[in-house]
Amino acid sequence: MQELHHECGIAAIYHLESPTPSNLASKDGPEQISKLMVRMLIDLQNRGQLATGMTSFNPHREKVLDTYKQIGTVIEAFRLNHPAKFSTIMRDYAGRAAIGHVRYATCGKNDRDHAQPFERYHGRKWKWFTMAFNGQITNYPELKSELLNKEDYYLMRDLDTEVIMHYLSYELRGDDRPDLVEVFSNLSKKFDGAYNLVFMNGNGDMAVVRDPVGIRPLCYATDGPLFAAASESVALSNIGFRDIKTLQPGEMVLIQDREGESPAELDSAHGTAGASPPRRKELRVVRYAPARRSAHCFFEWIYFANVASTLDDRSVYLSRAALGKELAIQEHRLGIIKPDYNTVVVPVPDTGKAAADAMAYELGVPSVEGLMRNRHIGRTFIEGNNRADRVKMKFSPLREVLEGRRVILVEDSIVRSTTLKSLLSLIRDRGGAKEIHVRVACPPIIAPCFYGIDMSTVAELYAPRHMRGKIITIEEQQAMARELEADSLFYLPLDAIARCIRLPVDRLCRACITGEYPTPAGERMYQLALRQHEEGGGNGRTYESGSRNGCG
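Residues numbered from 1 in each chain as written. Predicted model: local features only at pLDDT ≥ 70, side-chain atom pairs only at ≥ 80, totals over all residues. Heavy atoms only, no water.

**Q** What's the story with the overall build of the protein in this structure? I'm lost.
**A** Per the secondary structure count, the protein includes 19 helices and 23 strands. Counting across all 552 residues of the protein, residues that qualify as buried make up 60%. Taking the contacts inside the protein whose residues are at least 6 apart along the sequence as the reference set, 74% of them involve residues at least 24 apart. Carbon and sulfur atoms make up 48% of the accessible area of the protein, which amounts to about 21,800 Å² in all. (Helix = DSSP H or I, 4+ residues; strand = E, 2+ residues; numbered from the N terminus. Buried < 20%, exposed > 50% of the residue type's maximum accessible area, 1.4 Å probe, protein only. Contact = heavy atoms within 4.5 Å. Areas by Shrake-Rupley, 256 points an atom, 1.4 Å probe, with all protein chains shown as cover.)

So, in structure tokens, the structure goes:
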């Protein structure tokens, strides 16, 4: 659904000291491994196009940590269309380790200062750190208030990213170098929501952290001395990693000085100020928070993730194809239309294609690209127009394919319905379709998301305006079709989601389709939003920045 946006993706890479470099390292050697970060960020571009950046670690550089970030896509920000400028950036930010970020946000300014990673300077290397974040801290208002009540604390930006940075700084206070496992364990007791993090300090220590509930995906891989992690597996497989693993909820990958040397011993051996970091680093996967009931966001498989990715050991493509098969089963059961030679299945580009192809195959009719998406129109140019004009600019209906046909239009989801209504008008008027039957490869969205997806207000949601309960009826779907001016409309049944992803219901976050939230703060936010909406006191926003602070 073109109305919906994700909030950010993260990545990390590290070439450990080794007499034999990884086969995946560039010909320039381990000290240039940060070049691979740009390739990884390109593969995460679907998760955010507003800004991007990376911090590299180089112990031989005056600034052992150095951060580059800019507004725009990865290609724009890193000047990939200008080889000389790109080479200069890569030379200036060369390092054997790096963390990176792609940003999409619904709050905060569209400027470089709000781009990630965030770097916090300090005279001591273990207190000098950089971090990037994917998700949304659901209890952000309480954390913000607690922080501002401390003496002399202030916030430059109204973002949960900055709050995380301050809480990290607070955990690193004092003269003794802390245990990073303990640091993140303490933070897990304060934070509620989705918070995958990548962290690196001036000593070259790195932490890749997945929140205890596991709402957002995170994976990692190694190739000899080379380690990498990313929000999606495609960013790892495309640079050559083969054995890609899922980081489990409540686990972290920690790269730091070899086991058996305590932080105090290392400070004594190497000095605490200005000393060179220890040469030998080791990687280990450790649990920093107790195992809880996991709640993987089902929307990752339906919409957000790259179709080539595997998340929590479940293929995105196969999950979407299974959604299409379920739609076909439902079509046979309902018997609303009888597919014939004049029937075609048309996906809404691009996330509806796998489901549309599978549905068409099961129904025995063609799946055709009756809608072409224009991928060369800049976001800023599009935003300057109204909804109908934006749809016309983004999509071109193929009249030769659609004219006089019965079209089964497969959409991945409906959130606000405004884009879909304009799209139906476009297919009928310019495409010449005789009938349009909408099939949605997702149950109705009935509740906001407070874990990092841009659908955080009750009033904006389309389905609840037509539903009397939490389970949609045939009559309610028929009423929706009439309002949208479609010939029919049907959603995927609620129980189909777990079957298609092949994960148990109790391991999925389905809050937006059930109204049942996996964390206490999420449930509190929902009840507050419902009260505000029912009292007519607003649009269901739950705090001053619109309940949309994820990733800045």
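**Q** I'm lost on the nonpolar core in this one. Help?
**A** One recurring pattern in soluble globular proteins is that nonpolar side chains are buried together. Judged by nonpolar contacts, the single largest core of 86 residues is most densely connected at F298, F299, L409, M455, Y491 and I497. Beyond its immediate chain neighbours, meaning those up to four positions away, F298 contacts C442, I497, I501, L508, C509, R510, C512 and I513. Of all hydrophobic cores here, the second largest spans 31 residues; its members include Y167, F184, L197 and A207. (Core = buried A, V, L, I, M, F, W, Y, C linked by side-chain atoms within 4.5 Å.)

**Q** Just to check I follow, could you spell out the pairing of strand β3 (residues 65-71) for this structure?
**A** Two faces belong to every sheet, and in a regular strand the side chains alternate between them. Counting buried residues along β3, five of its seven residues qualify, which places the element largely inside the surrounding structure. In this structure, strand β2 (residues 51-57) lies alongside β3, joined through seven bridges in antiparallel fashion. Directly across from T55, in β3, lies its bridge partner T67. (Pairing = 2+ DSSP bridges.)

**Q** Would you take a moment to explain helix α11 (residues 353-363) for this structure?
**A** A turn of α-helix holds 3.6 residues, and therefore any two residues three or four places apart point the same way. Buried within α11 we find A354, A355, A356, A358, M359, A360 and L363. Summarising the contacts, the buried residues of α11 are in contact with α10 (316-334), β17 (343-347), β20 (406-411) and β21 (435-440). Positive backbone phi, approximately 75°, marks G364, located one or two places after α11.

**Q** What's the story with a nonpolar patch on the surface in this structure? I'm lost.
**A** Residues V307, Y317 and L318 make up a contiguous nonpolar surface patch of about 280 Å² in total accessible area. On the secondary structure map, V307 appears in the loop between α9 (299-304) and β15 (310-311). Since its relative accessible area comes to 35%, V307 is described here as partly exposed. (Patch = residues over 30% accessible without salt bridge, like charges linked within 9 Å, V, L, I, M, F, W, Y side chains within 5 Å. Salt bridge = Lys/Arg side-chain N within 4 Å of Asp/Glu carboxyl O.)

**Q** How should the pairing of strand β8 (residues 206-209) be read in this particular structure?
**A** Side chains M206 and V208 of β8 all project onto a buried face; the interleaved residues A207 and V209 project onto the opposite face, where all are buried too. In this structure, the hairpin formed by strand β7 (residues 193-201) and β8 is closed by a connection of four residues, where G204 is found at a positive phi of approximately 85°.

**Q** Got a minute to help me understand the packing of helix α5 (residues 160-171) against helix α6 (residues 180-188) in this structure?
**A** For any two helices packed against each other, the geometry comes down to the angle between their axes and how far apart the axes lie. Look at α5 against α6: their axes get within 10 Å of each other, and the N-to-C directions meet at 130°. When the interaxial angle is binned, α5 and α6 end up oblique. As α5 packs across α6, the resulting crossing turns out to be right-handed. Between α5 and α6, the contacting residues are Y167, L168 and E171 on the first element and V183, F184, N186 and L187 on the second. Considering only residue class, the contact of α5 with α6 consists of five nonpolar, one polar and one charged. (Axes fitted to C-alpha atoms, helices over the stretch in contact; angles between N-to-C directions. Parallel < 35°, antiparallel > 145°, perpendicular 65-115°, else oblique. Left-handed = near helix turned anticlockwise from the far one by under 90°. Nonpolar A, V, L, I, M, F, W, Y, C, P; charged D, E, K, R; others polar.)

**Q** Looking at this structure, how should I read the pattern of salt bridges?
**A** Oppositely charged side chains can form a pair if their charged atoms are brought close together. Counted under the stated rule, the structure contains 30 salt bridges. For the salt bridge of D350 with R373, the shortest nitrogen-to-oxygen distance reads 3.2 Å. Separated by 23 residues along the polypeptide, D350 in the loop between β17 and α11 and R373 in strand β18 (residues 371-373) bring together distant segments of the chain. Using a relative accessible area of 30% as the deciding quantity, one classes R373 as partly exposed.

**Q** Please explain the packing of α10 against α11 as it appears in this structure.
**A** Direction vectors running N to C along α10 and α11 enclose 40°, while the axes themselves pass 7 Å from each other. Taken as axis vectors, α10 and α11 run oblique relative to one another. For α10 against α11, the interelement crossing comes out right-handed. Contact with α10, carried on its side by Y317, R320, A321, L323, G324, K325, L327, A328, E331 and H332, involves A354, A355, A358, M359, E362 and L363 of α11 and no other residues of that element. Looking at the contact of α10 with α11 residue by residue, the class counts come to ten nonpolar, two polar and four charged.

**Q** Explanation requested: unusual backbone geometry in the structure shown.
**A** For residues that are not glycine, phi is negative in most cases, and the peptide bond is trans in most cases. A cis amide bond, omega 10°, links Q116 with the succeeding residue P117. A cis geometry characterises the amide bond from P349 onward to D350, with omega recorded as -5°. Unlike most non-glycine residues, S417 shows phi in positive territory, near 80°. By the secondary structure assignment, S417 is in the loop between β20 and α15 (418-429). For S417, a relative accessible area of 7% translates into the label buried. One non-glycine residue, E485, lies in positive phi territory at about 65°. Mapped onto the fold, E485 is located in the loop between α16 (474-484) and β22 (488-491).

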